[in-house]
Amino acid sequence: MEAYYSAKIRKYGATPRGVDWTCQATQELRFVQLLKICDFSAPFSLNDLGCGYGALCAFLERRHPQARIDYLGIDLSPAMISRARNRFASPSRRFTVRKTGRRPADFSVASGIMNVSVGQSRESWEAFVAEMLAELRRISRRGFAVNFVTERPEISVAPGITAVDLYCTSPVPWARYCERKLGCSVEILDRYGMGEATLLASVNEG
């Protein structure tokens, strides 16, 4: 995965295509859904797992300029993190090269990290998905959000992805996993005009 995404960012630069989204409009529509897990009425901390070149930071600056957010971006790719740091690093916006997060935050989001299976079998990829959901639960005090491709497109979602590389799934089994195994209350968002769904997982107190 690190090699795949590092190659993308080197080829396409800090653009949506550099993280396998087709355009900025659809990338930001995903951000709108994912950020519904957050409570913008008060300051909060946010982990962005698979942050890429930091596009969510730019989106937050435009859409929520008054929000006080302690942001940590996490990505496997040093090439991605280098670009993110150059553009967005500040005392309240930090970036690190890791597979997963180490600090607990109020909320966590993961945009697209479950979707491109880079040649793995479905069984091994679903083990990875379960591991990542459990990790998101571990590092999130109040809730987390992820998205899944639900409908296999007739063409690849971005240049360089074949249909076989996409992990397509109903969101329902993963919602049940988050509820039964991870102790969350889950809302499924799936009517925003794309062949995908977003899970909003709120952590149940106690």
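Residues numbered from 1 in each chain as written. Predicted model: local features only at pLDDT ≥ 70, side-chain atom pairs only at ≥ 80, totals over all residues. Heavy atoms only, no water.

**Q** Just to check I follow, could you spell out the overall build of the protein for this structure?
**A** In terms of regular secondary structure, the protein is built from 6 helices and 7 strands. Helices (α) and strands (β) of the protein occur, in sequence order from the N terminus, as α-α-β-α-β-α-β-β-α-β-α-β-β. Split into buried and exposed, the 206 residues of the protein put 53% on the buried side. Contacts spanning at least 24 positions in sequence make up 69% of the contacts within the protein whose residues lie at least 6 apart. (Helix = DSSP H or I, 4+ residues; strand = E, 2+ residues; numbered from the N terminus. Buried < 20%, exposed > 50% of the residue type's maximum accessible area, 1.4 Å probe, protein only. Contact = heavy atoms within 4.5 Å.)

**Q** Help me understand the pairing of strand β3 (residues 93-97) in this model?
**A** Two faces, one strand: in a regular strand the side chains alternate between the faces of the sheet. Of the pairings in the sheet, the one linking strand β2 (residues 69-75) to β3 comprises 5 bridges and is parallel in character. Following the sheet pairing, Tyr71 is matched in β3 by Arg93. (Pairing = 2+ DSSP bridges.)

**Q** Mind showing me how you'd approach the packing of aromatic side chains here?
**A** In this description, an aromatic ring pair is defined by two values, namely the gap between the centres and the angle between the planes. One pass over the full model with this rule turns up 7 aromatic pairs. With centroids separated by 5.3 Å and ring planes inclined at 85°, the aromatic side chains of Phe40 and Phe44 adopt a geometry described as edge-to-face. For Phe40, a relative accessible area of 27% translates into the label partly exposed. Counting every residue linked through ring pairs, the aromatic cluster contains Phe40, Phe44 and Phe107. (Phe/Tyr/Trp six-rings, centres within 6.5 Å; stacked < 30°, edge-to-face > 60°.)

**Q** What's the story with the nonpolar core in this structure? I'm lost.
**A** For soluble globular proteins, the rule of thumb is that nonpolar side chains tend to be buried together. Core analysis: the largest hydrophobic core is formed by 28 residues, its most contacted members being Leu46, Leu56, Tyr71 and Phe95. Counting residues per element, this core draws most heavily on helix α3 (residues 55-63), which supplies 6 residues. Not counting the four nearest positions on each side in its chain, Tyr71 is found in contact with Leu46, Asp48, Cys51, Leu56, Cys57, Ser92, Arg93, Arg94, Phe95 and Arg103. Ala110, Phe128, Ala130 and Ala201 belong to the second largest nonpolar core, which has 25 residues in total. (Core = buried A, V, L, I, M, F, W, Y, C linked by side-chain atoms within 4.5 Å.)

**Q** It is not clear to me how the environment of Gln24 should be interpreted in this structure. Could you clarify?
**A** Mapped onto the elements of the fold, Gln24 is located in helix α2 (residues 24-34). Sequence-wise, Gln24 and Ala55 are 31 residues apart; in three dimensions their C-alpha atoms are separated by 9.3 Å.

**Q** Explain the environment of Val97 here, please?
**A** Topologically, Val97 is positioned in strand β3. It is 9.2 Å that separates the C-alpha atoms of Val97 and Ser82, two residues lying 15 residues apart in sequence. Every residue in contact with Val97, bar those within four places of it in the chain, is listed here: Asp75, Leu76, Pro78 and Ile81.

**Q** I would appreciate a short explanation of the side chain of Asn47 in the present structure.
**A** Tracing the backbone through its elements, the reader meets Asn47 in strand β1 (residues 44-49). Of the polar contacts made by the side chain of Asn47, one reaches the side chain of Arg103; its length is 2.9 Å. When sequence neighbours within four positions are dropped, the list of residues in contact with Asn47 reads Leu72, Ile74, Arg103, Pro104, Ala105, Phe107, Ser108, Val109 and Ile139. (Polar contact = N/O pair within 3.5 Å; in protein donor to acceptor, adjacent residues only side chain to side chain.)

**Q** Sorry if this is basic, but what is going on with the pairing of strand β4 (residues 105-110) here?
**A** Counting buried residues along β4, 6 of its 6 residues qualify, which places the element largely inside the surrounding structure. Pairing of β4 with strand β5 (residues 140-149), which is carried by 5 bridges, proceeds in the parallel orientation. Counted as the bridge partner of Ala110 is Val146 from β5. Since β4 and β5 lie parallel, the crossover through helix α5 (residues 122-138) that links them has a hand, and here it is right-handed. (Right-handed = clockwise from strand over helix to strand, strands pointing away.)

**Q** Just to check I follow, could you spell out the sheet that holds β4 for this structure?
**A** Working definition: the strands of a sheet are paired by backbone hydrogen bonds and lie parallel or antiparallel to each other. Judged by pairing direction, the sheet is mixed, and its 7 strands sit side by side in the order β3-β2-β1-β4-β5-β7-β6 without closing on themselves. Every other strand in the sheet has two partners, leaving β3 and β6 (184-189) as the edge strands with one partner each. Averaged over all pairs of adjacent strands, the angle between strand axes in this sheet comes to 15°, irrespective of strand direction. With 3 bridges connecting them, β1 and β4 associate as parallel partners. Paired with Asp48 across the strands is Val109, a residue of β4. Helix α4 (residues 78-88) rests against β2 and β3 of the sheet, and its axis sits at about 165° to β3. Seen against the sheet, helix α6 (residues 172-180) touches β5, β6 and β7 (196-203) and runs at an angle of roughly 160° to β6. (Axes fitted to C-alpha atoms, helices over the stretch in contact; angles between N-to-C directions.)

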